There are 4 protein chains.
Amino acid sequence: MVMHMTFTVAVAGASGYAGGEMLRLLLAHPEARIGALTAHSNAGTRLGEHAPHLRSLADRVLDRTDVDALAGHDVVVLALPHGASGAVAAELAARGDTAVVVDLGADHRLVDPVAWKEFYGTPHAGTWPYGLPELLTAGETVASGQRQHLTGATRIAVPGCNVTAVTLGLQPGVAAGLIDAVDVVAVLANGYSGAGRSLKTHLLAAEGLGAAQPYAVGGSHRHIPEIAQNLRAAGAADVTLSFTPTLVPMARGILATATARLVDGADPAAVRAAWEHTYADEPFVHLLPEGQWPTTASTLGANTALVQVAVDARAGRVVTVTAIDNLVKGTAGGALQSLNVALGLPETLGLPLDGVAP
Amino acid sequence: MVMHMTFTVAVAGASGYAGGEMLRLLLAHPEARIGALTAHSNAGTRLGEHAPHLRSLADRVLDRTDVDALAGHDVVVLALPHGASGAVAAELAARGDTAVVVDLGADHRLVDPVAWKEFYGTPHAGTWPYGLPELLTAGETVASGQRQHLTGATRIAVPGCNVTAVTLGLQPGVAAGLIDAVDVVAVLANGYSGAGRSLKTHLLAAEGLGAAQPYAVGGSHRHIPEIAQNLRAAGAADVTLSFTPTLVPMARGILATATARLVDGADPAAVRAAWEHTYADEPFVHLLPEGQWPTTASTLGANTALVQVAVDARAGRVVTVTAIDNLVKGTAGGALQSLNVALGLPETLGLPLDGVAP
Amino acid sequence: MVMHMTFTVAVAGASGYAGGEMLRLLLAHPEARIGALTAHSNAGTRLGEHAPHLRSLADRVLDRTDVDALAGHDVVVLALPHGASGAVAAELAARGDTAVVVDLGADHRLVDPVAWKEFYGTPHAGTWPYGLPELLTAGETVASGQRQHLTGATRIAVPGCNVTAVTLGLQPGVAAGLIDAVDVVAVLANGYSGAGRSLKTHLLAAEGLGAAQPYAVGGSHRHIPEIAQNLRAAGAADVTLSFTPTLVPMARGILATATARLVDGADPAAVRAAWEHTYADEPFVHLLPEGQWPTTASTLGANTALVQVAVDARAGRVVTVTAIDNLVKGTAGGALQSLNVALGLPETLGLPLDGVAP
Amino acid sequence: MVMHMTFTVAVAGASGYAGGEMLRLLLAHPEARIGALTAHSNAGTRLGEHAPHLRSLADRVLDRTDVDALAGHDVVVLALPHGASGAVAAELAARGDTAVVVDLGADHRLVDPVAWKEFYGTPHAGTWPYGLPELLTAGETVASGQRQHLTGATRIAVPGCNVTAVTLGLQPGVAAGLIDAVDVVAVLANGYSGAGRSLKTHLLAAEGLGAAQPYAVGGSHRHIPEIAQNLRAAGAADVTLSFTPTLVPMARGILATATARLVDGADPAAVRAAWEHTYADEPFVHLLPEGQWPTTASTLGANTALVQVAVDARAGRVVTVTAIDNLVKGTAGGALQSLNVALGLPETLGLPLDGVAP
């Protein structure tokens, strides 16, 4: 006997990259039934004009994003500009709509209103349960705590894509007390889909092809306080982080090189064991065999994070490299994984483990 | 009640691109059970060294490609160098092994031994049922004939990737008598995975990035007689074809621009209807709405062909553009689709329809 | 003794791709002195914000494009949107300004007002001397005619980039009576800089990376009548042309595969000799040794066209492949070459012959 | 009156990427006359087969690399595998050949034989004058010292490409006592030409397109001791360095993100001034205006380094980003610049300042 628990999903922001990826994954999920698809300026057009790769939904016409369209589903996924999701969720609640609301945006990720204000400049919209099931919580070196936190949740704040990559890379060492979260340095190679579909000159193909270009250098990127929050959750007392993303000529993918000092007196030989222990039972985080390093291409389309760690004895640092698909494990896949947990479904249900390569 | 018909599959050449893609698709197929994985020079190594994207099979050690390893499965997929598959199939048969043998190579595609000799230079290994379910056969403009030919087949010759793209683009017009298969011109933009994993200077990333480079120009490409064979199957009396593939900086994908003269006196207004009629019920071939043109990115990872057609009245030509993923619809996906037909399973079972984009 | 003939140049549209490339080449030209740089919406900003690669001019502030700024130079280069250059040239002339005006846009390329109207939809602005020194003119198989036409010219209409590539590929066969200009087929792989710097979704890096996408398919591209005009200049009585450009993931470059039927009764063995004869003394057009095919990367940054030709006896067609840098030989380099001729300078003066590869 | 000092140059390893780039630059150098071109396995073939972009030399046949071929030139450039250059230079000297020998390889860069042994494993071949004219030497914040060291040199060890990028980024802060060279972290995005033309699977286009992949992670890269040597030259007492290069899908370019802790008590406001002061008069190192960050595309083909620096007050770190073309400023351009100094020519003679973009 097979028990089924189908659920209906509305997706707001369906013509963007995050919304489109959510649809791709939902189409392959055995229990999901796709309901309303909404958009802002693209309302009234066919999805196939914007996302011709989603053949199954090519002829669906997009509704305008409003609560009338989104109400009445079991799940509502919000792929909206920052600042918009709180009001939508509140309006749904005010109507008595009991949908689980999954926010792919940043509005409800940060616990600290001061950090929010400092990096976003707008009033804090409140905090929702944080959609990173693998997140270690203080005193744990396996992630049961965070999963419990998500079980039965009716609101989910999906982490930033860069945040997922850096957190997964570093947290085992933080939780095990092997690395110092003060003076962390992370530099990332990022695919262009992470910048969304906005029309900006530096995002043109003519500018990006053959180029590596950094952005938000020097401590201004909004993912910084979120990474710090996660490393504190994993057990760090203090966190300081130098964080530099760089756009490189690929459509998808994040390769995060994150390094932290080995704690004075820590045993370098304990490092690999800590990472192995943390991820031994994680379905979507894979510590590669020693000597093999992650590449983004290996994660394309999959909800997989590939991780490697090494000790640089001369430099006194632990170096981690994590590869994810920014739109899957970094956004829509992580969201669906958390939603599975929230709904009481098997966490891995319907999620791709194997990437599309070469 | 759900009827199951699971089948076991061995894959020979599992560490190459075609073999790896076959495994990716088989892992997502509800009835396939992966058996032996074999290789030539990579025998004895872990699959994860060569295909880190296939996390589900990363720890599988590759056997040496021989009949002992391949025997005893329901299906054997051969992703071998040209010339090797005939002997393997014969040895399996000699042992009484009843496996369905699917050849991703060229050995058994051509009916005409003279054409084989001319383009391949080796003795003809015989012809197997041809794995393009959508192929029109003379007198038909829907592809029931070719499907019937595959039902129950125990040998399948999978088409060349370029061949699939060009055939799907042109055959509706040939079958409908609207275009002339004499003086067809096809120019293709090809991703590098189509060239396989061989170590050649012109296949290096440093050479390919920022470059478009043609190869096999001037009538020597081995896919030429195969395209001609297909267009004759679709009803052409004579076929002549100028065919030029060009490598462009993408890992996957074929964009085939194929053009043929409108038959004298043919009604240009009948062109779109012919393509619509042919592909109306095809699950994997999609004629785009008028004015929208295919891109390879929209087919990445999917068993989908996107097709568009236009009449250039000044030039007197019909222009078709077809996009496929060379490793999916062009190789492993087309193979699995044909295998589904051969085994009596639903043709679309386990095959991805939606691409991974952007 | 060395004779010098320095000239001053103003560039209108200096913050765009064509204007920027003109500046790069002028900076390396021994006789050019760069004068006014103007822009439309970017007026008042530093060139370095838009073209950080032009270090020598990074701190130059852009003037607004108007005749006051452009007047008083020996040469004025117009890199403006279509339709704007005629008025600027007329205003300069009305003031008595004697500058040589070089138009990188399309306005003055076509001789036939009907063809202009049909493809551009606006009134014809008149025809200027055509800036393709290598263009063969009827009865000639070496290009002295066109060069003579440019000597002393005070107006130059620079050819379209695709036009240059296709014309150079095919014209030797047309002039020699070996190929038939009826039923020419050309398919091109194009880098994104050819589409300019306009903000359109399909030009985003996220859309273009990993993708090949056609545009203007089916006979609507504005370069079609210009190619036809050139092939008629080379001796063709009638021309029909199927022309399909496709964007591929490179910043620069055009690889034009252009094919035409061998004239009935023509000697295939005469083909190579015709191309050799035509280009033997051309400084910027290089017929590769037999068997070697052009790649766009080999022409990056250089005013070089690499050409190859082959006879496909089965198909009855001559296949030519031409590689150029669309911004150099296809635009700014071709312009400067023509300007050298117009000014009586050595044609090759200051122009790069060697590309930047890999 | 113009004084000329032409010199003849032989290039050993002319069919590789570094040798080819040397030739491209020498062709544009007003005083260089290209002599013997030699190769190892490609001896006897035309240069045009390997470097079709070097049209000016396409028909030159490569000699075998030996001292007979290289002797008798004013300058010999060695683009050879590590370990080979010492013997060639010694043989030339033994013959009484007085050529200036420029080594593009690593053999003579390191002063410390222990560091050499540790990272290269072979006997130390001795140290040559180091070809980075901009290198600060202790007590100086402008680079007169290093230039004097190169003037009249007859042996030049050209720096590693990554080394040049990281050194130029960090040295102003080290020399000014503003940043701590202990606990430096550098992560680089690297184009594939930096890996040379060797046939390895991970260097195939099919593997590299769409992928970011790290290599030599964890402290093993051979450029580490060389960077440390340079930072000590600039005034650092101790240096520790975490260094991670990552291959990204571009043919050329290095984007080096290098970060170091602000010295306790140092004034953040002094940072920009230090970088400005250091590079104010450098012809090839350009500190961008505040807020503008380097991209590799802006340096393509040019001997230019673009640098930017920012203080991340929260993290207590100075972040620098440096973009260079690995084959120009990182290899052949830096070599030619140093050679100009050694020969007493103007340092900038014949070197491109403006890049080829987009």
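This structure is a prediction, so every number in the text was calculated from the model and none was measured.

Asker: Account for the interface of chain D and chain A, naming residues and giving values.
Answerer: Taken together, the 42 residues of chain D in the interface contact 42 residues of chain A. Carbon and sulfur atoms supply 63% of the area buried between chain D and chain A, which totals about 3400 Å² over both sides. Linking glutamate 118 of chain D and arginine 314 of chain A is a salt bridge whose minimum nitrogen-to-oxygen distance equals 2.6 Å. For the pair chain D and chain A, the number of links is 12 residue pairs in polar contact (both at pLDDT 80 or more). Secondary structure elements with two or more residues in the side of chain D that touches chain A: α5 (113–120), β7 (179–190), β8 (213–214), β9 (241–247), β10 (254–262), β12 (305–312) and β13 (317–324) of chain D.

Asker: Residues and numbers for the side chain of histidine 50 of chain D, please.
Answerer: Along the chain, the position of histidine 50 of chain D falls in helix α2 (residues 47–50). With a relative accessible area of 14%, histidine 50 of chain D lands in the buried category.

Asker: For the domain arrangement of chain A, give the residues involved together with the corresponding values.
Answerer: Residues and elements named next belong to chain A. On domain assignment, one finds that chain A holds domain 1 (7–159 + 329–343) and domain 2 (162–325). On a C-alpha basis, the centroid separation for the pair domain 1 and domain 2 is 23 Å. Taken together, the contact pairs 31 residues of domain 1 with 36 residues of domain 2. Ranking the residues of domain 1 by area buried against domain 2 places Tyr17, Phe119 and Lys329 at the top, with a combined share of 26%.

Asker: Please set out the packing of helix α7 (residues 161–175) of chain C against helix α9 (residues 224–233) of chain C residue by residue, giving values where relevant.
Answerer: A pair of packed helices is captured by two measures, namely the crossing angle of their axes and the spacing between those axes. Residue and element names in this part refer to chain C. Running from N to C, α7 and α9 cross one another at 30°; their axes reach a closest spacing of 9 Å. In terms of orientation, α7 lies roughly parallel with respect to α9. The handedness of the crossing between α7 and α9 comes out as right-handed. Here Val163, Val166, Thr167, Leu170, Gln171 and Val174 of α7 lie close against α9, whose contacting residues are Glu226, Ile227, Asn230 and Leu231. In terms of residue class, the contact of α7 with α9 is built from 6 nonpolar, 3 polar and 1 charged.

Asker: Give a detailed account of the relation of the copies chain D and chain A, specifying residues and quantitative values.
Answerer: Its rotation angle being 180°, the transformation that places chain D on chain A also includes 0.0 Å of axial translation and leaves an RMSD of 0.0 Å. Both chain copies can therefore be described as sitting about a two-fold axis. Taking C-alpha positions as reference, the residue of chain D nearest the rotation axis is proline 249 of chain D, located at 2.9 Å. When you check the interface residues of chain D against chain A, 100% turn up at the interface there too, and the contact is symmetric in its surfaces.

Asker: Which residues make up the pattern of salt bridges, and what are the values?
Answerer: For the structure shown, the criterion picks out 68 salt bridges over all chains. A salt bridge links arginine 272 of chain B to glutamate 276 of chain B, with the nearest nitrogen and oxygen atoms 3.1 Å apart. With arginine 272 of chain B and glutamate 276 of chain B both in helix α10 (residues 269–279) and 4 residues apart, this pair spans about one turn of that helix. A salt bridge links glutamate 290 of chain C to arginine 272 of chain C; the nearest nitrogen and oxygen atoms lie 3.9 Å apart. Here glutamate 290 of chain C, found in the loop between β11 (285–287) and β12 (305–312), pairs with arginine 272 of chain C, found in helix α10 (residues 269–279); they are 18 residues apart in sequence, far enough to count as distant. Using a relative accessible area of 66% as the deciding quantity, one classes glutamate 290 of chain C as exposed. Among the charged side chains, a network of salt bridges with common partners joins Asp183, Arg261 and Arg317 of chain A together with Asp183, Arg261 and Arg317 of chain D.

Asker: Help me get a handle on the relation of the copies chain B and chain C, residues and values and all.
Answerer: Overlaying chain B on chain C yields an RMSD of 0.0 Å, the required transformation being a rotation through 180° with an accompanying axial translation of 0.0 Å. Take the interface residues of chain B: 100% of them recur as interface residues in chain C, which is what a same-surface contact looks like.

Asker: Give me the packing of aromatic side chains: which residues, what numbers.
Answerer: Residues and elements named next belong to chain A. Enumeration according to the criterion identifies 4 aromatic pairs over all chains in this entry. Measuring from centroid to centroid gives 3.8 Å for tryptophan 116 and tyrosine 120, while their planes differ by 5°, and the two rings are stacked. One end of the pair is tryptophan 116 and the other is tyrosine 120, both in helix α5 (residues 113–120) and 4 residues apart, which spans about a single turn. With respect to burial, tryptophan 116 and tyrosine 120 carry one shared label: buried. Sitting above the plane of the tryptophan 128 ring, arginine 155 keeps its charged end 5.7 Å from the centroid.

Asker: Would you mind going over the UniProt feature "active site" (unreviewed entry) in chain A in detail, with residue names and values included?
Answerer: All names here are of chain A. The UniProt entry lists Cys161 under the feature "active site" (unreviewed entry), expressed in the numbering used here. Here cysteine 161 shows up in helix α7 (residues 161–175). Given a relative accessible area of 14%, cysteine 161 falls into the buried group. Setting aside its immediate chain neighbours within four residues, cysteine 161 contacts His223, Ile254, Ile324, Asn326, Gly330 and Thr331.

Asker: Could you give an account of the sheet that holds strand β3 (residues 63–64) of chain D, with specific residues and numbers?
Answerer: Residues and elements named next belong to chain D. In spatial order, the strands read β3-β2-β1-β4-β5-β6; together these 6 strands make up an open sheet with parallel pairing. Two strands bound the open sheet, and with one partner strand each, they are β3 and β6 (155–157). Bridge count for strand β2 (residues 32–39) against β3 is 2 bridges, and the pairing is parallel. Residue pairing for β3: alanine 39 is matched across the bridge by arginine 64. Along the sheet face, helix α11 (residues 328–343) touches β1 (7–12), β4 (75–78), β5 (100–103) and β6 and points at about 160° away from the line of β5.

Asker: Just give me the short version of α5 of chain A, but keep the residues and values in it.
Answerer: All names here are of chain A. Along α5, the positions that sit buried rather than exposed are Ala115, Trp116, Phe119 and Tyr120. When α5 is viewed along its axis, its buried side chains cluster within an angular range of 105° and face the same direction. Where α5 is buried, its residues touch α9 (223–233). Just beyond α5, the residue with positive phi is glycine 121, at close to 80°.

Asker: Run through the interface of chain B and chain C, naming residues and quoting values.
Answerer: Each partner contributes to the interface: chain B provides 42 residues, whereas chain C provides 42 residues. Taken as a group, Ala212, Val217 and Arg314 of chain B account for 16% of the area that chain B buries against chain C, more than any other trio of residues on that side. Applying the counting criterion to the chain B and chain C interface returns 6 salt bridges. Seen at the junction of chain B and chain C, the total is 12 residue pairs in polar contact (both at pLDDT 80 or more).

Asker: Lay out α9 of chain C in plain terms, naming residues and giving numbers.
Answerer: All names here are of chain C. For α9, the tally of buried residues reaches 8 of 10 residues, placing the bulk of the element in the interior. Where α9 is buried, its residues meet α5 (113–120), α7 and β9 (241–247). Phi for glycine 235, located one or two positions after α9, is positive at around 125°.

About the criteria used
- Residues numbered from 1 in each chain as written.
- Chains lettered and ligands numbered in written order.
- Predicted model: local features only at pLDDT ≥ 70, side-chain atom pairs only at ≥ 80, totals over all residues.
- Heavy atoms only, no water.
- Contact = heavy atoms within 4.5 Å.
- Buried area = accessible area lost by both parts, 1.4 Å probe.
- Salt bridge = Lys/Arg side-chain N within 4 Å of Asp/Glu carboxyl O.
- Polar contact = N/O pair within 3.5 Å; in protein donor to acceptor, adjacent residues only side chain to side chain.
- Helix = DSSP H or I, 4+ residues; strand = E, 2+ residues; numbered from the N terminus.
- Buried < 20%, exposed > 50% of the residue type's maximum accessible area, 1.4 Å probe, protein only.
- Domains from an automatic or database assignment.
- Axes fitted to C-alpha atoms, helices over the stretch in contact; angles between N-to-C directions.
- Parallel < 35°, antiparallel > 145°, perpendicular 65-115°, else oblique.
- Left-handed = near helix turned anticlockwise from the far one by under 90°.
- Nonpolar A, V, L, I, M, F, W, Y, C, P; charged D, E, K, R; others polar.
- Least-squares fit on C-alpha atoms with pLDDT ≥ 70 in both.
- Phe/Tyr/Trp six-rings, centres within 6.5 Å; stacked < 30°, edge-to-face > 60°.
- Lys NZ or Arg CZ within 6 Å of the ring centre and 35° of its normal.
- UniProt positions renumbered as here; feature names shortened; annotations may be inferred.
- Pairing = 2+ DSSP bridges.
- Arc of directions from axis to C-beta.

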